[in-house]
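# Structure assessment
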Amino acid sequence: MGTFLARRLIFSAFVLLGVSVIVFGLLRLSGDPTALMLPIDATEEDEIVLRRALGLDEPLPVQYLTFLSRAVVGDFGTSIRHRQPALQMVAERIPATLELAALSFVVALLIALPLGIFSALYPNSFIDRLSVLMALVGQAVPTFLLGIILILVVSVQLQLLPAFGRGGIENLILPALTLGTYSAAFINRLLRSSILEVLDTDFIRTARAKGFANRYIVIRHALKNAAIPVITVMGLQVSALLSGSVVTETVFAYPGAGLLLVQALGNRDFPVVQAFVMVIAVLVIIINLVVDVIYGLVDPRVQITG
Amino acid sequence: MKHLRLLAVIAFALLLVVPTAAQDESSITIALGTDAASLDPQLQNDAFTTSILSNIFDTLIYRTADLALEPGLATDWELIEDTTWELTLQEGITFHNGEALTAADVEFSLERPLDESLGSPLTSRFRVIEDVEVVNDFTVRVHTVNPYPLLPARLSEWFIIPQDYFEANDPAFVSENPVGTGAYRFVEWVRDDHLDLVANEDYWRGAPEIQNVRFRPIPETSTRVAALQAGDVDLITNVPAFRQAEFETADNLEIRTVPSTFFQYVGLDGTKNEALADVRVRQALQYATNVPEIIEFLFDGSGAQIAVPLAFGTFGLDESIEPYPYDPDRARELLAEAGYGDGLTIAMDAPTGRYAQDREVAEALAGQWAQVGITVDLNINAWADQLARYRDGDALVETHFMGWGTSTFDADDVLFSAFANRPNKTNYINDELTELVTTARTSLDQEERAELYGQALAIIYEEVPWISLFQQFDIYGVRSDLNWQPRPDQKIEVRTISIES
């Protein structure tokens, strides 16, 4: 376990280095923040002056090394648009996004687990067909559209929940439903097929031969064995929820990290985007590590070794 | 029965979480399209931020909603030499932190952006200032590098900031904690969530009626409209033209519009395509452009055609100039005369995601021009790309669709940098025009200037260096009981708002 973690950590450092090169390079290819800041009648000289003041006039490799040497000690520079420390701006927003992602994950599980198990217990039943339909719709309807529809129905027509913003739990319900639906659809179908697959194996047939009830077999034996692919996907879905929060937060004007990212990208606010991507990269690496450790706990056949 | 009870419990629980809409008579919530950039007025160049800041800060000279200049923090301004303006400050004005406003603050406010290491996007605008001289506590002289008739107009844009406060505090702190002389004091800012202001009871123009103001950024247009309809906010900016009809049937909501200072045009570069160097081809393009149709179909009528590239209300614009009529036959004739009777292909750079319906306008133009035999190779660029090409100049193809917003409301704004200055973005050269506009730039006789711009516009009208399109309207959605009229410069001055009882 110790060597496993050590190797993973070294590997992760290389991943982060790669991510930093890619995000730095892509951003520089995407344009120039000074172009967006200056008045329309600004001259080329004005651009040069502003670039110099913002440290954007150095050759790219020099800019990258400066960025890297500061990033290692946690200094991601100052936001070009807001003149605030970039890492602090991202860090301030992470809790709001985690709150939203966590509740969306709970929503996804609350919908997916009962539906998936029930569909596997009674394949081709009415509920199973209904859940296929829901999965199709849940995955096909864009997050954006679902969010707007929920706002129009629940906030404008029924006047039940606030249309936007962050505050109490009431502000989280609609965004979490919007964001959780997609993952719910995905997990639900995967759980169903994975249980059905396990139900076809020898040890289940043995259990059946012993005369156990179907429900007992599914819950006691099949579910645990069907869990591995589902856990993998749930780990991936946590990452998907984080990235999905970009659209959801924009629709609901929810002040999380996703909204910050969209605006920082629009403004070519390089330091904020870089800080955001690095923070998310670290989070995803941690989630994947946790998923791998959970495998070992759920399935004793998975050996976590160096 | 059991279900019914459960339902009742759920319904009750939901009632508890229903937001209580701001029905407080002295509070107002305003939803903008984006959040403020920085609350340091000299470190931003952004319409929404300026709108918020206009409530916290004042200017030396005030521009009224009908674009006239009147006293602000300065009671009087006078030209005492060709390059020297003397301003007299009002006495007894204090900043929100208690500091008294003196000439030293004015000197600081006008000279600080000249420090290039500040990284202010507005530095270029201040370069005309040679020096600010403090005569006494309430008199300053502004020396300009050359005779500069636009100074009063510029002084109506520039916010006055307190010197001691800015010098004593860290820039990052100042840019989140503004202190001005304005009608509202800053209370709190949670980025992308809300920005709160409270009435300044000691305001020199008199205490404002609305006590508490909350600005909330809602980037997604549909959500912004929904928030108004749901009663969560009282005033919203940038309602899409096609949604105006919904407001006609709502009994407590209204649409209020105003022609914006922004106009749209297509720049033509004769050095990149020789056909465009021929004035007949440029006129043909203007004749082939059906602007009323674009305004009607893409903006639901919320726009006004312009005859020359200047916004209404601009100093120097003769508003009696009639736009070119839509006349495709005349366009075909002119093209045939110029030797392009068999057709012509031109490329166009057009942005997407910046102006309302920008992409659609470019496509409509391509469609209209196709009818007279001009094929348009359309490059639709994301806004940042379009702007990068524009800044570079050389990167633009032979025509580009863009918008231009004025802040001085003076013809110099467009005419100098777009046509007289060299190089300009369309590489346009006309010695006579350059002479007229350059003379007007340093003339201190407003009548002479108006005359010069009249002649310059006559040349532009004939020469068609740009295709003049239209000015859009800014469309706001408001609660019907708000007494408020929008300004053409997008500033929402909350002190001018009252609520009908």
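This text gives an overview of the structure that appears in the document. (Residues numbered from 1 in each chain as written. Chains lettered and ligands numbered in written order. Predicted model: local features only at pLDDT ≥ 70, side-chain atom pairs only at ≥ 80, totals over all residues. Heavy atoms only, no water.)

### Section: the interface of chain A and chain B
Put simply, the rule is: We call two residues in contact when some of their heavy atoms are within 4.5 Å. When two components associate, each loses some accessible surface as probed by a 1.4 Å sphere; the sum of these losses over both components is called the buried area. Any carboxyl oxygen of Asp or Glu that lies within 4 Å of a side-chain nitrogen of Lys or Arg is treated as forming a salt bridge with it. Strands here mean DSSP runs of E at least two residues long; helices mean DSSP runs of H or I at least four residues long; both are numbered from the N terminus. Basically, the charged four are Asp, Glu, Lys and Arg, the nonpolar ten are Ala, Val, Leu, Ile, Met, Phe, Trp, Tyr, Cys and Pro, and anything else, Gly included, counts as polar.
In this assembly, 45 residues from chain A lie in contact with 53 residues from chain B. Roughly 4300 Å² is buried in total at the junction of chain A and chain B, and carbon and sulfur atoms are behind 56% of that figure. Contact with chain B buries area across many residues of chain A, yet I40(A), R83(A) and F164(A) alone supply 17% of it, more than any other trio. Counting across the chain A and chain B interface gives five salt bridges. The shortest N-O distance in the salt bridge between R125(B) and D41(A) comes to 3.0 Å. Contributing elements (two or more residues each) for the side of chain A that touches chain B: α2 (33-37), α3 (44-53), α5 (86-121), α7 (143-157), α10 (214-251) and α11 (257-266) of chain A. At seven residues, the largest contribution of residues to the side of chain A that touches chain B is made by α3(A). Grouping the constituent residues of the side of chain A that touches chain B by class yields 26 nonpolar, eight polar and eleven charged.

### A look at the pattern of salt bridges
Put simply, the test is: Partly exposed describes any residue whose relative accessible area lies between the buried limit of under 20% and the exposed limit of over 50%, with all areas from a 1.4 Å probe on protein chains only and scaled to the type maximum.
With the rule as written, the count across this model stands at 40 salt bridges over all chains. With its nearest N and O atoms 2.9 Å apart, the salt bridge here joins R389(B) to D349(B). With R389(B) in helix α14 (residues 383-392) and D349(B) in strand β14 (residues 344-352), the pair connects residues that are 40 residues apart, well separated along the chain. Among the salt bridges present, the one from E493(B) reaches R487(B), with a minimum N-O distance of 3.5 Å. Both residues of the pair, E493(B) and R487(B), count as buried. Through salt bridges with shared partners, a single ionic network connects D41(A), R125(B), R154(B) and E157(B).

### Quick word on the pairing of β14(B)
Residues and elements named next belong to chain B. In plain terms, the rule: The rule for pairing is simple: two strands pair if DSSP sees at least two bridges between them.
Counting buried positions along β14 gives seven out of nine residues, so the element sits mostly inside the fold. In this sheet, strand β16 (residues 399-405) lies alongside β14 in parallel orientation, the contact comprising two bridges. Considered in β16, the bridge of D349 is made with H400.

### Quick look at α14(B)
Every α-helical turn comprises 3.6 residues, leaving residues that sit three or four positions apart pointing alike. How we decide: Within this analysis, the arc is defined by the directions that extend from the helix axis to the C-beta atoms.
Those residues of α14(B) not exposed but buried are W383(B), A384(B), Q386(B), L387(B), Y390(B) and R391(B). All buried residues of α14(B) lie within an arc of 160° about the axis, which places them on one face of the element. Considering only its buried residues, α14(B) is in contact with α2 and α3 of chain A together with β12 (253-268), β14, β15 (374-382) and β16 of chain B. Looking at the residues trailing α14(B), positive phi occurs at G393(B), about 80°.

### Let's talk about the side chain of S498(B)
All names here are of chain B. For S498, the position within the fold is in strand β19 (residues 498-499). Overall, the relative accessible area of 18% leaves S498 in the buried class. When near neighbours in sequence (up to four residues on either side) are disregarded, S498 contacts E209, D481, L482 and N483.

### Here's the deal with the packing of aromatic side chains
Centre-to-centre distance and the angle between the planes together describe a pair of aromatic rings. Operational definition: We call Phe, Tyr and Trp rings a pair once their centres come within 6.5 Å, taking the six-membered ring for Trp, and we label the pair stacked below 30 degrees between planes, edge-to-face above 60, and tilted otherwise. In this analysis the charged atom, NZ for Lys or CZ for Arg, is taken to sit over a ring once it is within 6 Å of the ring centre and within 35 degrees of the ring normal.
In this structure the tally under the stated criterion is 23 aromatic pairs over all chains. Between F212(A) and Y216(A), the aromatic rings sit 5.1 Å apart at their centres with planes inclined by 45°, giving tilted as the arrangement. With a relative accessible area of 37%, F212(A) lands in the partly exposed category. Y216(A) sits in the partly exposed class, given a relative accessible area of 37%. Taken together, a centroid distance of 5.6 Å and an interplanar angle of 50° make the contact between Y203(B) and W204(B) tilted. Look at Y203(B) and you get buried, because its relative accessible area is 4%. Judged by its relative accessible area of 25%, W204(B) is partly exposed. Here the aromatic residues F263(B), Y265(B), W404(B), F419(B), Y428(B) and W466(B) are joined through ring pairs into a cluster of three or more. Its guanidinium or amino end placed over the ring of W383(B), R354(B) lies 5.3 Å from that ring's centre, counting from NZ or CZ. Lying over the aromatic face of Y390(B), K425(B) brings its terminal NZ or CZ to 5.4 Å of the ring centre.

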